[in-house]
Structures are given as structure tokens and as C-alpha cells.
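Now for the letters of each chain:
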Amino acid sequence: MKSANKHTQISLTLTIVSCVLLLPLTPSKAGEIGITKPNVILILSDDQDVALEGMTPLRQVQKLVGNEGAVFTNAYTSSPLCCPSRSSLLSGMYAHNHGTLNNSISGGCNGQHWRTKIEPHALPVLLQTDGDYETFFAGKYLNEYRGERLPPGWTEFYGLHGNSRYYNYTLRENKQNVSYTNTYLTDLLRDKALAFLKTRNRQKPFFAMIAPPAPHAPYTPAKRHRGAFANVKAVRTPNFNRVPLAQEKHWLVAAARPLPSDTIKLVDFYYQQRWEALLAVDEMVAAIVNALTDQRVLDNTYIIYTSDNGYHMGQNAQPWDKRQPYETDILVPLLIRGPTIPAGAIAPQPTLLLDLMPTILGWTGLHAHTELDGIPRLVSLKSVDEDRQVKEYRRSLLIQYWGEGNSDTYNANCPWSRHDYLSECTPEADCHCQDAWNNTYACVRQFRSMTNRLFCEFMDRENFVEAYDINEDPYQINNIGYDLLPIEHAFYSLALANLTRCAGSSCNDINI
């Protein structure tokens, strides 16, 4: 009965949301005469979890974006790794279609295929060329971006060279590279964004994407925030420092050993620093909202807050990382406010980061030049059917990852062989390896009526299978993959075979 009541509540919420989100934006909403197209600001954090209370430090984000708009409770990355996830967000495609499989050049990150085939048709290009938007980027772009060129589609561009940094970094600032030593990067991004808002062309709508490093490693907070969460510890979930049985998890996770006390102390310290690093992000968002208010354009601006992937810290005796198909790693924050979004809405419909591109195009009245794998979630949101079942709640999401381990990722300071093809092994993490050459999998994250499941197939020598009933087992401890009926297993396998080959609208026709 409790579950039925919850489902009815979801239905009623979605009905309200759909009625408001589909209202047209009238010129009276615009803060600047002659501008009827909405502005869009996208803030993309780095490695921020939801499952481990990662939104807690962001009080201003919750107040100014979440409380004034919609909070999406089932938002996911399609690949729990920075570069594939960012590429999906910018292209509206699954990784098997945009070709960025991991964080390396050989894995497609900022590689030839991305630069010649995908990037020229990405979101900022469409907004700039077709929509006459003024476009702005500041922060981490793609991991292997090194400032060798100015990516297309950006009126102003301040892109970080390489992976997340907080101090001692270089930015590609439009036509030149500029290095900084002691300037905290999140604060610099805030200042660049505020300067853009102040000097932009007031006769054009704008799209601004700000991608701060927090809370990605090395988890460095601004000096003013150090110690703000000194008494905070990592969440002790039921699977915290729990070594799985061999039949419960694929071999890489099942090979874990209990984390020693020193490593657990380090997990707690990093957890604390991650929260502290997010405080500067919180201040940045508040400053941007204040600037929009001062310019009287807040009512005509969509603000999106999200992250490229989640993060685990101690779950399944894994110290800290992403790259796994569990809720800690794939569930991401997604909060959106804007002209047609009611304040305080809860949106439980399953959503992927790759849905953001078609959603933004829907807001701006534009169309992609190539077929997109994502759905314009807010624009196409439907009401409930006569049986009070939420139509939009039924969806099968693809989660995919390609392991990066090879002989070059060998760490001589850990007791493993070069030929084990392991990766992300460090003495700091007690030599727990977070990745391997065959940590490659495809999963279907299934939402249907009262069904809430994850089903994964691993491309290893065992062809290992993991499946979980998330409603009954939210921490994904009890692997039911080998308890499924043969017909159930066959349906899931068929769905994965189709999802991993899908393109465009066919990606959303595969429901089980």
C-alpha cells in the first residue's frame, strides 16, 4: 500500500510538472526587450555523487536552483567516467555512437573522430550557428584537451588543459594559453562567468557552460573553506568496507580485501575535502544567480546543475573512484530551474545526461543536424494515463563502460604483474585496483511501473552477470543475476544487444 501511494504521488507530481513545463514562453517573461528565446546556464561539477549525500554542502544550489525549480531523482550518466560522459552531454549520444570510450586519446577522448565527426555538430555549435546564441565556456572540457586549438561553437572559451586541477593550471583563453599558479580555479571560473554576463551582447540570448573541478581528486578546497567539515566522515552504508562474495560481484570488485584503518581514515579525509571543495561551487552559483537577478534576466534563464558521474567511497571495500555500474557511480545530481518550471517540483522520470542536449534544443526551438539518442525530457513530458500509471516513468537506460587497464598502467609499487593489465592501483589506496582491461560491461537500468532494476553483463572470461532489485536492495548487495528465470535473463540480454547497437530514436524504443 505504501508503494502504491508513492506511485500515485509521483503521478500527480508529473501531471503538475507537465502542465507547467509545456506552457509557451511569452515575451513578457523576458527581462530584455526583443529577446524571447531563453538563456541557458549549465553548471557541470566533476565526480559528484548523490547516493553518498554529495549535495549536502550545496545549500545555495538547493535553495536557488532546486527549490525554485525541479529536482530529478532518477538522473544518470550513461558512462561513469569523465570524458565519455561529457562527450555524451555535448553530443546527445551514447558512447558507442560518439566514439569516446574512456579518458585516453586512444579511447577517443578529444581524438580525431570526436574533433572531425562529432564536435562540429555538438550543442554549442548548433546554438551559435543556428540559434544566434552568444556562447561561453569555462572550466574542464575533455580530459585530453590540451589547449592546442579552440573548439568550435564558443564565442568565449576558457578551457582547462587536461584533468581537474585547483592550482597550477593552464587555460586556453580564446586564442591564447594562459597559466595560473595561485588562483583557485573555481573562483577564476566564477569571475570569468560574471564578466561574460556583464559584457555580453544584450541583443542576443546566451548559453553559458561552467565546469568547475570540484569535487574531483585531488579534492583541494579553497583556503577559506579548509576545515569547514572537519568532523564529517564518509557515509557508512551497509556495503561500506564489505568484501563481496565471489558470486556477488564481478572479479575486480570481488577481489577486494578489507580496507585497513589507515585507508579508512584517508577515505574520511577525502570525503571531508570533497565537501569543502564544493563550497566554492556553491558560492559561484549564488553569485551567478545574483548577477542574473541584477540584470533582470533570471526569469528568462534556465539554470541546470548536474555532474558528469557519481563516486564511491569505501563501498564494496573499494577505496575511492567511479567506473562501476552501481548507484554511487552512475546516479548524478540534476536540478533545473527556468521560465516554465514550477518551483519545488520533484521529477522522478528516468533521465540521462545525454537528454540535456535535446532538452535545451527544445527550449530554444532548434533542431539537431544528426539523430540524437537522448529525449527532450521536459519538452515531451506527458501526463498520466487513465490508470494513473506514469507513461514517462517507463524507460530502459543503457550504462556502458570500457576498462582501461593495460601494461602501461602497471604500478611497480603494488604487488601485481604488468601482465595483469590492472589500472588505478596505488599504495595510497592500499593497492586496491579500481580498473582493469576487462572491467568492461553493458547494463540496462530498468524503470517500469513498480520495477526498478539493474542488469549487467561483463565482457570477461566468466561472462559474469549482475542484477539487482533496487527497490528491495538499494545498496546492491544481493546479486539476483543467476536467480532470474531463463526468460527474464533472455529479455535482458536481448535488450542489451539492441541498446548497445542503437542510434537515435531506436534507443528509446527498447523497453522491457
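Read on for a plain summary of the structure.

Conventions used here
Residues numbered from 1 in each chain as written. Predicted model: local features only at pLDDT ≥ 70, side-chain atom pairs only at ≥ 80, totals over all residues. Heavy atoms only, no water. Helix = DSSP H or I, 4+ residues; strand = E, 2+ residues; numbered from the N terminus. Rg over C-alpha atoms; globule rule 2.2 N^0.38 Å. Buried < 20%, exposed > 50% of the residue type's maximum accessible area, 1.4 Å probe, protein only. Contact = heavy atoms within 4.5 Å. Areas by Shrake-Rupley, 256 points an atom, 1.4 Å probe, with all protein chains shown as cover. Disulfide = S-S within 2.5 Å. Patch = residues over 30% accessible without salt bridge, like charges linked within 9 Å, V, L, I, M, F, W, Y side chains within 5 Å. Salt bridge = Lys/Arg side-chain N within 4 Å of Asp/Glu carboxyl O. Pairing = 2+ DSSP bridges. Axes fitted to C-alpha atoms, helices over the stretch in contact; angles between N-to-C directions. Core = buried A, V, L, I, M, F, W, Y, C linked by side-chain atoms within 4.5 Å. Phe/Tyr/Trp six-rings, centres within 6.5 Å; stacked < 30°, edge-to-face > 60°. Lys NZ or Arg CZ within 6 Å of the ring centre and 35° of its normal.

Here the focus is the overall build of the protein chain. The helix and strand inventory of the protein chain stands at 12 helices and 20 strands. Taken over the C-alpha trace, the protein chain has a radius of gyration of 22 Å; the compact-globule value for 512 residues is 24 Å, and the two agree within 12%. Overall size of the protein chain, expressed as C-alpha extent along the three principal axes, is 65 × 60 × 45 Å. Across the 512 residues in the protein chain, those meeting the buried criterion constitute 61%. The contacts of the protein chain with a sequence gap of at least 6 include a subset with a gap of at least 24, amounting to 70%. Counting every atom, the protein chain has about 19700 Å² of accessible surface; 52% of that belongs to carbon and sulfur.

Glancing now at the state of the cysteines. As enumerated under the stated definition, the model contains five disulfides in all. The disulfide partner of C83 is C109, and the S-S distance across this bridge is 2.1 Å. The sign of the 90° torsion about the S-S bond sets the C83-C109 disulfide as right-handed. Highlighted residues: C83 in helix α3 (residues 82-91) and C109 in the loop between α4 (95-98) and α5 (112-118), separated in sequence by 26 residues. Each member of the pair C83 and C109 is classed as buried. Across a sulfur-sulfur distance of 2.1 Å, C425 and C433 are joined as a disulfide pair. A torsion of 115° about the S-S bond marks the disulfide between C425 and C433 as right-handed. Not part of a disulfide, C82 finds its nearest cysteine sulfur in C83, a span of 8.2 Å. Residue class for C82 comes out buried when judged on its relative accessible area of 0%.

Taken together, the side chains of L485, I487 and F491 define a hydrophobic patch exposed on the protein surface, amounting to about 320 Å² of accessible area. For I487, the position within the fold is in helix α12 (residues 486-499).

The strands that make up a sheet pair up through hydrogen bonds in the backbone, lying either parallel or antiparallel. Judged by pairing direction, the sheet is antiparallel, and its four strands sit side by side in the order β15-β18-β19-β20 without closing on themselves. Among the strands making up the open sheet, the edge pair consists of β15 (395-401) and β20 (465-469). Averaged over neighbouring strand pairs, the angle between their axes works out to 15° when direction is ignored. Inspection of the sheet shows strand β18 (residues 441-448) paired to strand β19 (residues 451-458) by eight bridges, in the antiparallel sense. The partner of R445 across the bridge, within β19, is L454.

This brings us to the nonpolar core. With 44 residues, the main nonpolar core has I210, L292 and Y305 as its most contacted residues. Per element, the largest residue contribution to this core is 11 residues, and it comes from helix α9 (residues 261-294). Those residues in contact with L292, other than ones at most four positions away along the chain, are I41, L197, F206, V297, L298, T301 and I303.

A separate point is the pairing of strand β4 (residues 134-139). Judged by how many residues are buried, β4 sits mostly within the fold: six of six residues are covered. Relative to strand β8 (residues 206-211), β4 is paired through six bridges, and the arrangement is parallel. Pairing of T135 across the sheet is with F207, part of β8. With four bridges joining them, β4 and strand β5 (residues 156-160) adopt parallel strand pairing. Residue pairing in the sheet places G139 in a bridge with G159 of β5.

Here the focus is the side chain of T186. Topologically, T186 is positioned in helix α7 (residues 185-199). On the accessibility criterion, T186 (1% relative accessible area) is buried. In this structure T186 touches P212, P213, A280, V281 and M284, once residues within four positions along its chain are discounted.

This paragraph deals with the pattern of salt bridges. What the rule picks out here adds up to 24 salt bridges. We note a salt bridge from R149 to E119, for which the minimum N-O separation is 2.8 Å. Of this pair, R149 sits in the loop between β4 and β5 while E119 sits in the loop between α5 and α6 (123-129), and the two are 30 residues apart along the sequence. Salt-bridge contacts for R323 lead to D321; the nearest nitrogen and oxygen are separated by 2.7 Å. Both residues of the pair, R323 and D321, count as buried. By sharing partners, the salt bridges in this structure join D187, R190, D191, R224 and E283 into a single network.

Attention now goes to the packing of aromatic side chains. Applying the stated criterion to the full structure yields 29 aromatic pairs. Here W154 and F207 contribute two aromatic rings whose centre-to-centre distance is 6.1 Å and whose plane-to-plane angle is 25°, an arrangement assigned as stacked. In this pair, W154 is assigned in the loop between β4 and β5 and F207 in strand β8, connecting sequence segments 53 residues apart. Aromatic pair Y326 and Y468: ring centres 6.3 Å apart, planes at 85°, arrangement edge-to-face. With Y326 in the loop between β11 (320-321) and α10 (327-330) and Y468 in strand β20, this pair connects stretches of sequence that are 142 residues apart. A relative accessible area of 5% places Y326 in the buried class. Since its relative accessible area comes to 0%, Y468 is described here as buried. Note that K249 overlies the ring of Y326, its terminal NZ or CZ placed 5.2 Å from the centroid.

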